[in-house]
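Inside the fold
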Amino acid sequence: MQLSLASQNGQSAAEAGLSSSPLCIRGLTVSYGEKPAVFSVDMTVVAGQMTAIIGPNGAGKSTLLKAALGIVPPLSGRVQVFGRPLDHQRARIAYVPQRASVDWDFPTRVIDVVMMGLYRDLGLLGRIRGSHRQIARDCLDRVGMHEFSERQIGQLSGGQQQRVFLARALAQGADLYLLDEPFAGVDAATEKAIISVLKDLRAEGKTVVAVHHDLATVRDYFDNVFLINTRKVAEGPVDEAFTAETLQAAYGGRLATAQVDQIATTA
Ligand code: ADP
Ligand code: MG
């Protein structure tokens, strides 16, 4: 269908594919100081699939997500979300930040954290109705945290907090989900709960992009990989782009050869 639309518009099929991607990044360079954290990166996320962003510490993975969300300004490059500039599409993106980056010392109930996902719908001063509470409760249910809705978020374990942040993202009803290391430091039950929710989102046609650090589960969890080490190293379906060569290129000497052989296909 895209092909016929493209020819009608006089566009090339490749251009049409690019413009309809949930997240299309071109020539992105981000720098906090003199040395770029992300350099001249192109990325085209495939709709309705799960993509892992993979690379060593300091490779620019979090920076790439933050630039995609407009949280950090790029030095150059452009970001399109579902074929339109980011500013028009913010409501369609949900973001679960790296857990360590949020400090929850102040008292906030779990249900209120999830309702933050509804603020775009509510408006900041909008009245919270029973229906909003019900949406928030349903989202907590989906991540197996419904019993904790009245608890203080600061009193939960790291894994439980992570599930609550995912529930907040679900409440937003977004089409594109960006998650920064959702499985880092969580218990096995939480990992199972999160991956099952992400696979459900995919089954609903949503698009999931997650920074992922556990190379052993990439094949199991994801359809595509995006390997980065400041520059893009590889991008594509797991079977093609997650290989011994691309891993070696992304991690350099930081992964043992035996480890790489075990994890990746040697196509
Ligand atoms: P990753 O998520 O892959 O570990 P990051 O995107 O967090 O990598 O960081 C990429 C590089 O940018 C690192 O060298 C990091 O030290 C640097 N960096 C990240 N955030 C900041 C910041 N707010 N200020 C200065 N440097 C930063
Ligand atoms: Mg990071």
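Just above sits the structure.
Residues numbered from 1 in each chain as written. Chains lettered and ligands numbered in written order. Predicted model: local features only at pLDDT ≥ 70, side-chain atom pairs only at ≥ 80, totals over all residues. Heavy atoms only, no water.

Our next topic: the overall build of the protein chain. If you tally the helices and strands in the protein chain, you get 12 helices and 10 strands. Buried residues in the protein chain amount to 47% of all 267 residues. In the protein chain, of all internal contacts separated by at least 6 residues, the share reaching a separation of at least 24 is 65%. Of the accessible surface of the protein chain, which amounts to about 12800 Å², a share of 50% is contributed by carbon and sulfur atoms. (Helix = DSSP H or I, 4+ residues; strand = E, 2+ residues; numbered from the N terminus. Buried < 20%, exposed > 50% of the residue type's maximum accessible area, 1.4 Å probe, protein only. Contact = heavy atoms within 4.5 Å. Areas by Shrake-Rupley, 256 points an atom, 1.4 Å probe, with all protein chains shown as cover.)

Every residue close to ligand 1 is listed here: Tyr32, Ala37, Pro56, Asn57, Gly58, Ala59, Gly60, Lys61, Ser62 and Thr63. Gly58 is positioned such that a nitrogen or oxygen atom in its backbone is 2.8 Å from an oxygen atom of ligand 1. Between Lys61 and ligand 1, the recorded distance is 2.8 Å, taken from a side-chain N or O atom to an oxygen atom. A per-element tally of the shell around ligand 1 places helix H3 (residues 61-68) first, with 3 residues. Within the shell around ligand 1, the residues separate by chemical class into 4 nonpolar, 5 polar and 1 charged. (Near = heavy atom within 4 Å. Polar contact = N/O pair within 3.5 Å; in protein donor to acceptor, adjacent residues only side chain to side chain. Nonpolar A, V, L, I, M, F, W, Y, C, P; charged D, E, K, R; others polar.)

The end-to-end C-alpha distance of helix H7 (residues 158-171), which contains 14 residues, comes to 20 Å, matching closely the 20 Å that a straight helix rising 1.5 Å per residue would cover. Burial runs high along H7: 13 of the 14 residues are buried. In the stretch just after H7, Gly173 is the one whose phi turns positive, near 65 degrees. (Expected span 1.5 Å × (residues − 1).)

So, on to the coordination of the magnesium ion (ligand 2). Bound to the magnesium ion (ligand 2) are the protein donor atoms Ser62 (OG) and Gln98 (OE1), situated 2.1 to 2.8 Å from the metal. Here the residue Ser62 occupies a position in helix H3, and Gln98 occupies one in the loop between strand E6 (93-96) and helix H4 (110-115), the gap between them amounting to 36 residues. Judged by relative accessible area, which is 19%, Ser62 ranks as buried. (Donors = N, O, S within 2.8 Å, 3.2 Å for Na, K, Ca; no water.)

Formed by 53 residues in total, the largest nonpolar core has its most connected members in Ile54, Val164, Tyr177, Leu198, Val225 and Phe242. For this core, the element with the highest residue contribution is H7, accounting for 7 residues. Counting 26 residues, the second-largest nonpolar core is a separate cluster that includes Leu28, Leu86, Tyr95 and Phe226. (Core = buried A, V, L, I, M, F, W, Y, C linked by side-chain atoms within 4.5 Å.)

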